Amino acid sequence: MKLLLGFVLLTALALAVLFVPIQGRTLWSRGAAREVAQFVAHGLRSGWDAIASLGEEHARPTRPGRIRPARRQTVAEVRKSRDGIVAQPPKEKLQADDRAALDKLVSAAR
C-alpha cells in the first residue's frame, strides 16, 4: 500500500512540474514538447525492452519444430532484382528497318 501511495505521489509531482504554469507558461510548453515526448518515448521503449528480455532465457520449446523441405523458386522470384523489381518483357517488337532508323536517329543526335 505504501508503494502504491508513493507511486501516486511521484506521478502527481511529475504532472505538477509539467503542467502547473510558472510565469504564464507550463514546463511542457517551454521545454519543447517534441524533445520531452521523444525522451519519454525512449524511456518507455527501453523499459519495455528490459521487461520483454526477462523471459527469453526461460523460453524453451516443449517439442522440436518440424523441418520444412526447401521450396523451389518460381521464375518470377528468380528474375527479381536486388530491389525486388521484376523485369517486364518489352511491350513491342521493332521491325529490322524500324530498328535501323532508330539507331540512325540516335547516332545523329550524339
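Just so it is clear, the structure is predicted and the values come from calculations on it, not from any experiment.

Draft legend 1. Structural context of the environment of alanine 16. Checked against the element boundaries, alanine 16 lands in helix H1 (residues 2-19). Measuring from C-alpha to C-alpha, the distance between alanine 16 and threonine 26 comes to 9.4 Å, with ten residues separating the pair along the chain.

Draft legend 2. A look at helix H5 (residues 96-109). Its 14 residues place the ends of H5 20 Å apart at the C-alpha level, agreeing with the 20 Å of an ideal helix rising 1.5 Å per residue. For H5, the buried fraction is low: zero of the 14 residues fall into the buried class.

Draft legend 3. A nonpolar patch on the surface, seen in detail. A surface patch of nonpolar side chains, amounting to about 500 Å² of accessible area, comprises Met1, Leu4, Phe7 and Val8. You can see methionine 1 is positioned in the segment before H1.

Draft legend 4. Highlighting the pattern of salt bridges. Within the structure shown, the criterion is met by two salt bridges. Across the pair aspartate 49 and arginine 45 runs a salt bridge whose closest N-O atoms are separated by 3.4 Å. Linking aspartate 49 with arginine 45, this pair stays in helix H3 (residues 33-53), spanning four residues, or about one helical turn. Here aspartate 49 falls in the partly exposed class, since its relative accessible area comes to 36%. Taking relative accessible area as the criterion, arginine 45 reaches 55% and is therefore assigned exposed. With a closest N to O distance of 3.9 Å, arginine 99 and aspartate 103 form a salt bridge. One end of the pair is arginine 99 and the other is aspartate 103, both in helix H5 and four residues apart, which spans about a single turn. When its relative accessible area of 42% is taken as the criterion, aspartate 103 is described as partly exposed.

Calculation rules
Residues numbered from 1 in each chain as written. Predicted model: local features only at pLDDT ≥ 70, side-chain atom pairs only at ≥ 80, totals over all residues. Heavy atoms only, no water. Helix = DSSP H or I, 4+ residues; strand = E, 2+ residues; numbered from the N terminus. Expected span 1.5 Å × (residues − 1). Buried < 20%, exposed > 50% of the residue type's maximum accessible area, 1.4 Å probe, protein only. Patch = residues over 30% accessible without salt bridge, like charges linked within 9 Å, V, L, I, M, F, W, Y side chains within 5 Å. Areas by Shrake-Rupley, 256 points an atom, 1.4 Å probe, with all protein chains shown as cover. Salt bridge = Lys/Arg side-chain N within 4 Å of Asp/Glu carboxyl O.

All quantities given are derived from atomic positions and should not be read as evidence of function.
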